[in-house]
Amino acid sequence: VNEHYWTTAPLEKKPAAATTPRYAVLGVPSSAGAHWPGQERAPAALRAAGIANGHGFAVARDLGDLELRQFRPDPHARHARNLTAVREVAEDVAARIATAPTSARVLVIGGDCTVLIGVVAGLRRRSSEPLGLVYLDGHTDLNTPATSPSGILDSMGLAHLLGHGAPALTMLGPGFPMVDEEHVALIGFNGREINADERSALAVHRCLALPADEVRREPTAAAHTAADCAAAAGRFLVHFDVDVIDFPDLPVADVPQFSGGLPVAMVFEVLEVVLAHSQCVGLVITEFNPDRDRSGDYSRTFVARLADVLGRMPSVV
Ligand SMILES: [Mn+2]
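Draft legend 1. The arrangement of the pattern of salt bridges in detail. On inspection of all chains with the given rule, the structure shows ten salt bridges. In this structure, Glu 182 engages Arg 206 in a salt bridge whose closest nitrogen and oxygen atoms are separated by 3.5 Å. Placement of Glu 182 in the loop between helix 5 (167-170) and strand 5 (184-187) and of Arg 206 in the loop between helix 6 (196-204) and strand 6 (208-210) is noted, with a sequence separation of 24 residues between them. Asp 213 is the partner of Arg 192 in a salt bridge, and the nearest nitrogen-oxygen pair spans 3.5 Å. Of the two residues, Arg 192 is situated in the loop between strand 5 and helix 6 and Asp 213 in helix 7 (residues 212-217); the sequence distance between them amounts to 21 residues. Using a relative accessible area of 60% as the deciding quantity, one classes Arg 192 as exposed.

Draft legend 2. Molecular detail of the sheet that holds strand 2 (residues 58-65). Read from one edge of the open sheet, eight strands run 2-1-3-8-7-4-5-6, paired in parallel fashion. Unpaired on one side and paired on the other, strand 2 and strand 6 mark the two borders of the sheet. Each strand of the sheet is rotated relative to its neighbour by a mean of 15°, with strand direction disregarded. With six bridges joining them, strand 7 (residues 236-241) and strand 8 (residues 280-286) adopt parallel strand pairing. Looking at strand 8, one finds that Leu 237 is bridged to Gly 282. The sheet strands contacting helix 9 (residues 264-275) are strand 3 (105-109), strand 4 (132-136), strand 5, strand 7 and strand 8, and the helix crosses strand 7 at an angle near 165°.

Draft legend 3. How the structure looks around the nonpolar core. Within the largest apolar cluster, 55 residues are counted, with the highest numbers of intra-cluster contacts made by Phe 240, Leu 271, Leu 283, Phe 302 and Leu 306. Considering every element that reaches this core, the biggest residue donor is helix 9, with nine residues. Discounting residues that sit within four places of it in the chain, Leu 271 has contacts with Leu 136, Val 238, Phe 240, Leu 283 and Val 309. Within the second largest apolar cluster, 47 residues are counted, among which are Val 28, Ala 32, Ala 201 and Val 284.

The rules behind these values
- Residues numbered from 1 in each chain as written.
- Predicted model: local features only at pLDDT ≥ 70, side-chain atom pairs only at ≥ 80, totals over all residues.
- Heavy atoms only, no water.
- Salt bridge = Lys/Arg side-chain N within 4 Å of Asp/Glu carboxyl O.
- Helix = DSSP H or I, 4+ residues; strand = E, 2+ residues; numbered from the N terminus.
- Buried < 20%, exposed > 50% of the residue type's maximum accessible area, 1.4 Å probe, protein only.
- Pairing = 2+ DSSP bridges.
- Axes fitted to C-alpha atoms, helices over the stretch in contact; angles between N-to-C directions.
- Contact = heavy atoms within 4.5 Å.
- Core = buried A, V, L, I, M, F, W, Y, C linked by side-chain atoms within 4.5 Å.

Following this line, the structure appears as structure tokens:
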């Protein structure tokens, strides 16, 4: 990480040019599906750093922030902890996203990874057409309540989108499964961090799998391959779990990865490619934990880099 890109001031509000990409912005302050509290404060921290100030892009509509939902231990639900709260959040997200203007892309600020289930459901309620997924994450999230060692739903999001797991989440649709395996591109996961059940799920599913080692060799080519795979659905959404970034490079992830993650510059290189794709309909940011960032410096750095790639998105969806 180069010292010179640590910024000190939040990005200021900026008048948008007519040609800049347009977004509907939604904050989802929830750690309901997480391992512990923290992520519920990400929308506030990232808004304070200027994420919704339209730097590089136009805010077509600010849908605001949903109700704050902080993690609580759920000792008796060993296989799917806090399922009721996770479902309520996902349902609220879906209802709000379904009202987003179709002329704009969505920028969703999570929240834990289960927020994505609500965003997919909302986009499919807005238009029932298929939706592909670029899954940029340090993990595969292919555990189900039957295989998960922890029962933490945060690590089971993709499985549910593919139709495996608790019906309370898999049936949030319309569409079952909510996304088709062949339109899902997993990119950047650490092959050494996935368990045996996830490994066999990966082998059985027809998803495209581009592990971190492969991305490191040729990041731009991997990003194009992932975007093309997801775009075959007709339109696609980008899921961005910040734990795909190697923790010492930008320490903001809820569950840190040491050495197995990607360099921060490489992650934004990948984002630049997939977000520039004309069939991309939005970005979901998850797993940002402001507890890692008492000064706000990392939030401002993150937002500055993000503004740069969001501004490159084409304005026509
Ligand atoms: Mn993850």
